[in-house]
Amino acid sequence: MSDRLVKIKSTANSTVAVSDPNLNIRRIWTARGMEHAIPFDTVEQLLWSTGFRNMLESGTLYIDNMQDKIDLGLEPQGTTEPTNYKVLNNSQMLTLLKIRTPEEFEKEIKTYPIEQINILIQYAVANEIAEPQKVAILKEITGKDIVKLIARKHEMAEADKIQKEKEAAYAREDGRRV
């Protein structure tokens, strides 16, 4: 058994778990960007697990180190940039949504796994970026409408504001300080 460790990062905005009692491994990622170092030999064995492999293929879990990906057979020999397993960082998402032409956007977005496309949609909603042609492309791929999601975000914020105002009014009626 080697001492080589592979850093595996979560790209999901939710909890992700990998557990295999036969390999004596249990790791839980609770936030996007969280990393765990797992022995290389263990990762090699985990790749035989359909669930673990699917998490890598979907982009839910990601290995940054290119040499590790090559040695694990996840990327072709001699590759310097990810081709099979790609994830988006915030600056790449902003570039895709704001700078790329719709044609470039559509061509590039189709190279990413669905989990990464969903993260791009969450980023667009959070930052209220809704370029019509790109919204249509994303809706075609995922069925999610960014414009409607942004509208729902505003409705929820307004509902929260109204609820807080009501609570403050009730507190004043009861003679409590708010």
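Please refer to the structure placed before this passage.
(A) Spatial organisation of the nonpolar core. Residues Ile-8, Phe-52, Leu-56 and Leu-61 are the most contacted members of the largest nonpolar core, which totals 22 residues. Dropping the residues within four chain positions of it, Ile-8 is found in contact with Trp-29, Met-34, Glu-35, His-36, Ile-38, Val-43, Phe-52, Leu-61, Tyr-62 and Ile-63. Formed by 20 residues, the second largest nonpolar core is a distinct cluster that contains Ile-109, Leu-120, Ala-124 and Ile-146.

(B) Main features of the side chain of Asn-118. In this fold, Asn-118 is placed in helix α6 (residues 114-126). For Asn-118, a relative accessible area of 17% puts it in the buried group. Polar side-chain contacts of Asn-118 include one of 3.1 Å to the side chain of Lys-144. Apart from the residues lying within four places of it in its own chain, the contact partners of Asn-118 are Thr-142 and Lys-144.

(C) How the structure looks around the environment of Ile-129. Take Ile-129: it is sitting in the loop between α6 and α7 (132-142). A C-alpha to C-alpha distance of 14 Å links Ile-129 and Pro-102, two positions 27 residues apart in sequence. Once you skip the residues sitting within four places of it in the chain, Ile-129 turns out to touch Leu-94, Leu-97, Lys-98, Tyr-123, Ala-124, Ile-146 and Ile-150.

(D) Here's a closer look at the sheet that holds strand β1 (residues 5-10). The three strands lie next to each other as β4-β1-β5, forming an open sheet whose pairing is antiparallel. Strands at the two margins of the open sheet, each flanked by one partner only, are β4 (35-39) and β5 (61-63). For this sheet, the mean inter-axis angle between neighbouring strands, taken without regard to orientation, is 35 degrees. Packed on one face of the sheet, helix α2 (residues 50-58) meets β1 and β5 and runs near 75 degrees to β5.

(E) Inspection of the pattern of salt bridges at higher detail. Within this structure, the stated rule accounts for seven salt bridges. Arg-4 is paired through a salt bridge with Asp-71; the nearest N and O atoms lie 2.7 Å apart. A residue pair is termed long-range when its members are at least 10 positions apart, and Arg-4 in the segment before β1 and Asp-71 in helix α3 (residues 66-71) qualify at 67 residues. In this structure, the salt-bridge partner of Glu-106 is Lys-110, at a minimum N-O distance of 3.4 Å. We classify Lys-110 as exposed; its relative accessible area is 53%. Several salt bridges converge on common partners, so that one network encompasses Arg-4, Asp-68 and Asp-71.

Quick notes on the rules
- Residues numbered from 1 in each chain as written.
- Predicted model: local features only at pLDDT ≥ 70, side-chain atom pairs only at ≥ 80, totals over all residues.
- Heavy atoms only, no water.
- Core = buried A, V, L, I, M, F, W, Y, C linked by side-chain atoms within 4.5 Å.
- Buried < 20%, exposed > 50% of the residue type's maximum accessible area, 1.4 Å probe, protein only.
- Contact = heavy atoms within 4.5 Å.
- Helix = DSSP H or I, 4+ residues; strand = E, 2+ residues; numbered from the N terminus.
- Polar contact = N/O pair within 3.5 Å; in protein donor to acceptor, adjacent residues only side chain to side chain.
- Pairing = 2+ DSSP bridges.
- Axes fitted to C-alpha atoms, helices over the stretch in contact; angles between N-to-C directions.
- Salt bridge = Lys/Arg side-chain N within 4 Å of Asp/Glu carboxyl O.

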